[in-house]
Amino acid sequence: MKENESALHSQYIIDGARCPATPAELLEECMGYDEPCSAPEGTFNDIIDETTEPPLSSVTYDDSRTGDYIEQISGKANADRDFTLLYPSHFTRMQIAKALLNRLWSEGHFRLGDLRIWAQWEWNTRPIGNMAAFYESVRNASEYIYGLGTCLEDYVFIESDHTSNVKFFAWLPETSMTEDEPELEQEDRLFKSSPYESTHPWISERRRCPGEMKNDPKSWIIYIPFDTCRHKLGGSLLAQANDDNGGQAPAIQDPDYFIDCYEVVRELTEDGIIMSGCTVADGGLAVAADSMCGRHGLRMDLSGICASYQEEDRIRILFGEVPGVLIQISDENYDYVDSQFLLQDIAYYPVGHPSGDGSGISIGNSAKSGVAGILASLLGQASEGED
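Residues numbered from 1 in each chain as written. Predicted model: local features only at pLDDT ≥ 70, side-chain atom pairs only at ≥ 80, totals over all residues. Heavy atoms only, no water.

### A closer look at the overall build of the protein
- Per the secondary structure count, the protein includes 12 helices and 17 strands.
- Out of the 387 residues in the protein, the part that is buried amounts to 54%.
- Of the contacts formed within the protein by residues at least 6 apart in sequence, a portion of 83% connects residues at least 24 apart.
- Looking at the protein as shown, the accessible area adds up to about 17,700 Å², and 45% of this sits on carbon and sulfur atoms. (Helix = DSSP H or I, 4+ residues; strand = E, 2+ residues; numbered from the N terminus. Buried < 20%, exposed > 50% of the residue type's maximum accessible area, 1.4 Å probe, protein only. Contact = heavy atoms within 4.5 Å. Areas by Shrake-Rupley, 256 points an atom, 1.4 Å probe, with all protein chains shown as cover.)

Listed below in structure tokens is the structure:
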């Protein structure tokens with residue numbers, strides 16, 4: 001593997017049309033620099049490629065085999081994934097969202113705007129369609145990071161002979177310690193305080209709340225999607241595991257909504273309201289719920305989600321990869337959490353209670369509640385006009 005500047009600074013001609021900017025120029029737009037960085041000396045040949053469209057999905061998924069599907073992909077959810085070249089937009093935005101969502105659970109004091117992102121593209125440049133996918137990945141990374149109000153700190157492109165993937169990492173810039181910071185063991189600190197968006201933001205490797213739910217049968221497990229897009233299987237782990245493309249992918253395109261969700265959940269985490277929390281990303285809601293269950297059981301009620309999205313296919317809801325979180329809150333805090341979400345017009349879905357009977361998840365349905373009806377209206381307004 002070797003670093004490759006030509007892939008970053010070349011002009012691209014994709015599907016016969018010249019792109020308006022190089023990848024390096026696109027990435028500079030979300031790096032927060034006052035002046036553009038100078039390009040390396042020399043000239044670079046144009047890169048000519050064409051996009052590859054995903055074929056129609058041909059696999060039918062059985063609603064009764066949810067447990068089998070979870071077992072099939074759960075081990076892959078936290079592993080490095082090869083880039084889904086047919087879905088560069090969805091995969092790139094999903095991995096950025098995942099990096100930021102994983103920081104939600106960290107002990108510390110920070111907001112989304114305090115975080116910075118580092119990116120690495122490792123890319124096989126040879127096959128037809130790969131460089132078009134790379135350019136689309138860079139374009140979406142630039143647009144999404146800028147829209148989220150954070151910045152790209154640095155990036156690298158490494159040429160590979162075998163695989164293509166992209167990784168994103170989120171953190172706080174490292175600065176000096178101040179006297180009024182909370183006392184932490186030095187080895188547990190990632191970054192020290194700095195007056196950015198928050199007053200003296202800081203972050204630790206320690207989690208503020210566990211990732212496994214507590215066995216409190218009165219507590220609530222709540223699902224919050226961080227985008228208003230519909231759940232679809234294109235580019236998902238489930239589709240990949242079954243040698244399928246899954247059809248269309250979720251159109252992650254609402255960074256403002258992500259910001260609103262992030263700030264509310266982060267505040268609830270920092271205040272100790274959230275008993276446990278889990279990121280919904282690779283593998284979708286089903287894999288996240290199964291991971292969060294640990295040694296306990298959870299009977300999930302998807303009726304509110306299905307009604308709000310007007311979706312009859314529960315497999316899409318469970319395995320479509322839309323960025324979001326699952327949180328556990330006590331029954332005593334339910335009204336307070338409800339008020340915080342409704343204040344920001346955030347759609348949230350109570351999906352069940354922990355159970356000591358068995359382990360893992362089971363799926364059930366109930367009549368649509370009044371709360372679900374309100375959420376359906378809100379979500380319908382937010383996603384109006386989407387295919």
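The rest of the description comes next.
### Section: helix H5 (residues 130–147)
- Compared with the 26 Å implied by 1.5 Å per residue over 18 residues, the 25 Å span of H5 between its first and last C-alpha is a close match.
- Counting buried residues in H5 gives 13 out of 18 residues, a clear majority hidden from the surface.
- Phi turns positive one or two residues past the end of H5, at Gly 149, with a value near 80 degrees. (Expected span 1.5 Å × (residues − 1).)

### Some thoughts on unusual backbone geometry
- The phi dihedral of Asp 15 is positive, around 55 degrees, even though this residue is not glycine.
- Of note, Asp 15 is situated in the loop between strand E2 (12–14) and strand E3 (17–18).

### Notes on the confidence of the model for the protein
- Across the protein, pLDDT averages 87, with 84% of residues at or above 70.
- Here residues 372–378 is modelled with pLDDT under 50, and outside its nearest four sequence neighbours on either side it reaches 12 contacts, counting other chains as well.
- Contacts of residues 380–387 to residues separated by more than four positions or lying in other chains number nine contacts, the stretch itself having pLDDT below 50. (pLDDT = per-residue confidence, 0-100.)

### Let's talk about the side chain of Asp 49
- With respect to the helices and strands, the residue Asp 49 is situated in strand E4 (residues 47–49).
- Within polar-contact distance, the side chain of Asp 49 engages the backbone nitrogen of Asn 130 at 3.4 Å.
- Non-local contacts of Asp 49, meaning those with residues more than four positions away in its chain, are made with Ile 13, Ile 14, Asp 15, Ile 128, Gly 129, Asn 130, Met 131 and Ala 132. (Polar contact = N/O pair within 3.5 Å; in protein donor to acceptor, adjacent residues only side chain to side chain.)

### A short note on the pairing of strand E5 (residues 106–109)
- Taking every second residue as pointing to the same face, the buried face of E5 carries Ser 106 and Gly 108, while none of Glu 107 and His 109 on the other face is buried.
- The pairing of E5 with strand E10 (residues 202–207) spans three bridges and is antiparallel. Across the sheet, residue His 109 finds its bridge partner in E10, namely Trp 202. (Pairing = 2+ DSSP bridges.)

### A short note on the sheet that holds strand E13 (residues 297–301)
- Reading across the sheet, the three strands line up as E16-E13-E17 and stay open at both edges, with mixed pairing between neighbours. Edge positions in the open sheet fall to strand E16 (354–355) and strand E17 (360–364), since each of these has one partner strand only.
- Pairing of E13 with E16 involves two bridges; the strand directions are antiparallel. Across the sheet, the residue bridging to Gly 297 is Ser 355, located in E16.
- The sheet strands contacting helix H8 (residues 284–293) are E13 and E17, and the helix crosses E17 at an angle near 130 degrees. (Axes fitted to C-alpha atoms, helices over the stretch in contact; angles between N-to-C directions.)

### Section: the pattern of salt bridges
- Considering all chains together, one arrives at 18 salt bridges under this definition.
- Across the pair Arg 81 and Asp 282 runs a salt bridge, and its minimum N-O distance is 2.9 Å. You can see Arg 81 sitting in the loop between helix H3 (66–73) and helix H4 (88–102) and its partner Asp 282 sitting in the loop between strand E12 (276–280) and H8, a full 201 residues away along the chain.
- We classify Arg 81 as buried; its relative accessible area is 9%. (Salt bridge = Lys/Arg side-chain N within 4 Å of Asp/Glu carboxyl O.)

### Section: the layout of surface pockets
- The volume enclosed by the largest pocket comes to roughly 760 Å³.
- If you trace the largest pocket, you find 30 residues lining it, with Ala 77, Asn 78, Lys 98, Asn 102 and Asp 282 closest to the centre.
- With six residues, strand E8 (residues 165–171) is the single largest residue contributor to the lining of the largest pocket.
- Size it by volume and the second largest pocket reaches roughly 470 Å³.
- Residue assignment for the lining of the second largest pocket shows that the elements contributing at least two residues are H4 and H5.
- Ranked by residue count, the leading element in the lining of the second largest pocket is H5, at five residues. (1 Å grid on protein atoms, 1.4 Å probe; cavity = no way out; pocket = protein on both sides within 12 Å on 5 of 7 lines; lining within 4 Å. Points joined across faces, edges and corners; volume = space filled by probe spheres on them.)

### Considerations on the sheet that holds strand E15 (residues 349–352)
- Strand order in the open sheet formed by four strands is E12-E14-E11-E15, and the pairing between neighbours is antiparallel. This sheet does not close on itself; its edge strands, each paired only once, are E12 and E15. Neighbour to neighbour, the strand axes of the sheet diverge by 25 degrees on average, direction disregarded.
- Relative to E15, strand E11 (residues 220–225) runs antiparallel, the two sharing three bridges. The residue of E15 that forms the bridge with Ile 222 is Pro 350.
- H4 rests against E12 and strand E14 (324–329) of the sheet, and its axis sits at about 165 degrees to E12.

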